[in-house]
Amino acid sequence: MAVDHHLAEFNFGTLRHDWDDPRIADFQNNLDRVNGLAARSPGFVWRLDDAAMETAQLDENGVFDNPRTASTLSVWEDFDSLWNFVWNTVHRRFYDRRAEWYDAKGNGNFVMWWVPIGHRPSVTEGMERFIHLQTHGNSDFAFGWSHLRPEDT
């Protein structure tokens with residue numbers, strides 16, 4: 001991608017239990033730790049904060065209507081920055097435990113796309129990209145890991 005773009009990513013899933021359920025505690029208690037690490041990681045640009053994400057998820061015009069939804073929308077300078085954060089930090093340990101916290105159905109909802117530098121995508125935009133990826137497969141409009149680094153998927 002051209003140097004005038006950054007990489008956006010959107011991921012979401014439905015938790016097996018309510019947010020206040022003790023079975024979700026280890027996940028919930030480490031959100032600030034993992035999000036803080038992301039914010040300090042090389043190449044991190046922006047993340048939709050928790051309050052704005054919750055509003056987008058629960059708004060009557062929002063994308064989701066399930067209070068157990070957990071999601072992230074962020075922007076990174078480039079693919080390698082996001083890749084390194086996801087797979088080479090403590091994030092990986094929590095990712096590897098996702099089956100403990102997320103329903104099997106609908107887990108692993110993830111999409112990436114290029115955005116002009118300075119653009120802050122919305123949850124609605126992320127969902128549109130995700131639906132496009134599910135409908136049409138990898139393209140320059142919306143893609144998964146294999147589109148940019150097929151040897152590692």
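Structural data are supplied above this passage.
Residues numbered from 1 in each chain as written. Predicted model: local features only at pLDDT ≥ 70, side-chain atom pairs only at ≥ 80, totals over all residues. Heavy atoms only, no water.

Asker: If you had to explain the sheet that holds strand E3 (residues 69-76) to someone new, which residues and values would you point to?
Answerer: With respect to topology, 4 strands assemble into an open sheet ordered E2-E3-E1-E4, the strand pairing being antiparallel. Since the sheet does not close on itself, it has two edges, and those belong to strand E2 (44-47) and strand E4 (109-116), each with one partner. Between one strand axis and the next, the sheet turns by 20° as a mean value, whatever way the strands run. Direction of pairing for strand E1 (residues 5-14) relative to E4: antiparallel, over a ladder of 8 bridges. The residue of E4 that forms the bridge with alanine 8 is tryptophan 113. Sitting on the sheet, helix H3 (residues 50-58) is in contact with E2 and E3, with an inclination near 125° to E3. (Pairing = 2+ DSSP bridges. Helix = DSSP H or I, 4+ residues; strand = E, 2+ residues; numbered from the N terminus. Axes fitted to C-alpha atoms, helices over the stretch in contact; angles between N-to-C directions. Contact = heavy atoms within 4.5 Å.)

Asker: Any details on the layout of surface pockets? Residues and values, ideally.
Answerer: Roughly 1200 Å³ of volume is contained in the largest pocket. The wall of the largest pocket is formed by 47 residues, among which Asn11, Ala70, Ser71, Thr72 and Tyr102 lie closest to the centre. Tallying contributions element by element places E3 first for the lining of the largest pocket, with 7 residues. (1 Å grid on protein atoms, 1.4 Å probe; cavity = no way out; pocket = protein on both sides within 12 Å on 5 of 7 lines; lining within 4 Å. Points joined across faces, edges and corners; volume = space filled by probe spheres on them.)

Asker: Could you give an account of helix H4 (residues 79-88), naming the residues involved and the relevant values?
Answerer: An α-helix turns once per 3.6 residues; consequently, residues spaced three or four apart project the same way. By the criterion of burial, H4 is predominantly enclosed, with 7 of the 10 residues buried. Looking only at H4, the buried set comprises Phe79, Ser81, Leu82, Trp83, Phe85, Val86 and Trp87. Contacts from the buried residues of H4 go to E1, helix H2 (31-40), E3, helix H5 (91-96), E4 and helix H8 (145-148). Two or three places before aspartate 80, at the start of H4, stands the capping residue aspartate 78, its side-chain oxygen 3.4 Å from that residue's backbone nitrogen. (Buried < 20%, exposed > 50% of the residue type's maximum accessible area, 1.4 Å probe, protein only. Polar contact = N/O pair within 3.5 Å; in protein donor to acceptor, adjacent residues only side chain to side chain.)

Asker: How would you sum up the packing of aromatic side chains? Please name residues and give values.
Answerer: Evaluated as defined, the whole model comprises 16 aromatic pairs. With centroids separated by 5.0 Å and ring planes inclined at 80°, the aromatic side chains of phenylalanine 12 and phenylalanine 130 adopt a geometry described as edge-to-face. Of this pair, phenylalanine 12 sits in strand E1 while phenylalanine 130 sits in helix H7 (residues 123-136), and the two are 118 residues apart along the sequence. Given the relative accessible area of 10%, phenylalanine 130 is considered buried. What links up through ring pairs into an aromatic cluster is the set Phe79, Trp83, Trp87, Tyr95, Phe110 and Trp145. For arginine 98, the ring lying beneath its charged end belongs to tyrosine 95, and the centroid distance is 4.0 Å. If you follow arginine 129 out to its NZ or CZ, it ends over the ring of phenylalanine 141, 3.8 Å from the centre. (Phe/Tyr/Trp six-rings, centres within 6.5 Å; stacked < 30°, edge-to-face > 60°. Lys NZ or Arg CZ within 6 Å of the ring centre and 35° of its normal.)

Asker: Please set out the nonpolar core residue by residue, giving values where relevant.
Answerer: Grouped together as the largest cluster of nonpolar side chains are 23 residues, with contacts concentrated most on Leu7, Leu15, Phe27, Leu82, Trp101, Met112 and Trp145. In terms of residue count, H4 provides more of this core than any other element does, 6 residues in total. Non-local contacts of methionine 112, meaning those with residues more than four positions away in its chain, are made with Leu7, Ala8, Glu9, Phe79, Leu82, Ala142, Phe143, Gly144 and Trp145. Formed by 17 residues, the second largest nonpolar core is a distinct cluster that contains Trp46, Leu73, Trp113 and Leu133. (Core = buried A, V, L, I, M, F, W, Y, C linked by side-chain atoms within 4.5 Å.)

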